[in-house]
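Each chain, letter by letter, is given below.
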Amino acid sequence: MNEDVLIELHPSQGRRLFAAMTMGMLAMILVYLAFLVAPAFLWSAAFLLGGLATGWLGWWQFQSSAGVIELTRESVRMQNGPTLAQVAEIEAVERGAFAMKPSQGFLLRLSQPLPRAYVPGLYWRIGRRLGIGGVTHAGQAKAMAQTIEALLAER
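Below is a short write-up of the structure.

What to know about the overall build of the protein chain
Scanning the protein chain from N- to C-terminus turns up three helices and seven strands. In the protein chain, the order of α-helices and β-strands from amino to carboxyl end is β-α-α-β-β-β-β-β-β-α. The dimensions of the protein chain, computed from C-alpha atoms along their principal axes, are 65 × 30 × 30 Å. Burial statistics for the protein chain: of 155 residues in total, 37% are counted as buried.

Description of the pairing of strand S3 (residues 75–78)
Along a regular strand, successive side chains alternate from one face of the sheet to the other. Where burial is concerned, the two faces of S3 agree: the one with Ser 75 and Arg 77 and the one with Val 76 and Met 78 are both buried. As defined by bridge partners, strand S2 (residues 69–72) adjoins S3 across three bridges and the pair is classed as antiparallel. Considered in S3, the bridge of Leu 71 is made with Val 76. Where S2 hands over to S3, the hairpin turn is made up of two residues, counted between the paired strands. Sheet topology places S3 next to strand S4 (residues 83–86); three bridges connect them, and they run antiparallel. Opposite Arg 77, over in S4, you have Thr 83 as the bridge partner.

What about helix H1 (residues 13–37)?
If you check H1, its first and last C-alpha atoms are 35 Å apart, about what 25 residues at 1.5 Å a residue would give, namely 36 Å. Turning to H1, its buried residues are Arg 16, Ala 20, Ala 27, Leu 30 and Ala 34. Turning to H1, the residues buried within the fold contact helix H2 (41–64).

Quick look at the pattern of salt bridges
Tallying each qualifying case throughout the model produces five salt bridges. For Glu 70, the salt bridge goes to Arg 77, with nearest N and O atoms at 2.9 Å. Residue classification places Arg 77 among the buried residues on the basis of a relative accessible area of 5%. A salt bridge links Glu 149 to Arg 95; the shortest N-O distance between them is 3.3 Å. With a gap of 54 residues between them, Glu 149 in helix H3 (residues 138–154) and Arg 95 in the loop between strand S5 (90–94) and strand S6 (106–119) connect regions that are remote in the sequence. Here Arg 95 falls in the partly exposed class, since its relative accessible area comes to 32%.

Brief notes about the packing of H1 against H2
In contact at an axis separation of 7 Å, H1 and H2 are set at 165 degrees when each is read in the N-to-C sense. Considered as vectors, H1 and H2 are oriented roughly antiparallel to each other. Note that H1 runs across H2; the crossing there is left-handed. Residue-level inspection shows Arg 16, Leu 17, Ala 19, Ala 20, Met 23, Leu 26, Ala 27, Leu 30, Val 31, Leu 33, Ala 34 and Phe 35 of H1 in contact with H2, the latter providing Ser 44, Phe 47, Leu 48, Gly 50, Gly 51, Thr 54, Gly 55, Leu 57, Gly 58, Gln 61, Phe 62 and Gln 63.

Cut-offs used in this document
- Residues numbered from 1 in each chain as written.
- Predicted model: local features only at pLDDT ≥ 70, side-chain atom pairs only at ≥ 80, totals over all residues.
- Heavy atoms only, no water.
- Helix = DSSP H or I, 4+ residues; strand = E, 2+ residues; numbered from the N terminus.
- Buried < 20%, exposed > 50% of the residue type's maximum accessible area, 1.4 Å probe, protein only.
- Pairing = 2+ DSSP bridges.
- Expected span 1.5 Å × (residues − 1).
- Contact = heavy atoms within 4.5 Å.
- Salt bridge = Lys/Arg side-chain N within 4 Å of Asp/Glu carboxyl O.
- Axes fitted to C-alpha atoms, helices over the stretch in contact; angles between N-to-C directions.
- Parallel < 35°, antiparallel > 145°, perpendicular 65-115°, else oblique.
- Left-handed = near helix turned anticlockwise from the far one by under 90°.

Set out below in structure tokens:
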């Protein structure tokens, strides 16, 4: 991979911490409800399982959102990781206020469906849609979206 990196998208440490702490607080509330408030065993088990699952999801989110997304002339990829999409497959960039995109991010419409992928806080990919953003810096995400738009205009 000797391609020149045009721009990198780094996660914001504050946003990562806030997202993980929010999930952790929800997990603690659910576990509290399981042991002190729930009137029946079935509810206690449901609250406990929900709390444990939420705590695990918060930990997974914090660990997996540490990656960096890179844009080259050929692809959008994770640094030292998988390729998210080829630039040749990108049809459009959506970053308007009413676009179904991640917070502080943008959406790429692709020419063909790709396998589903999800890294909480960084990106998700479902079919022909690739959402990038969440815990990323808004300025870097905007710059990456504009760079992709420029690459598409060159075609």
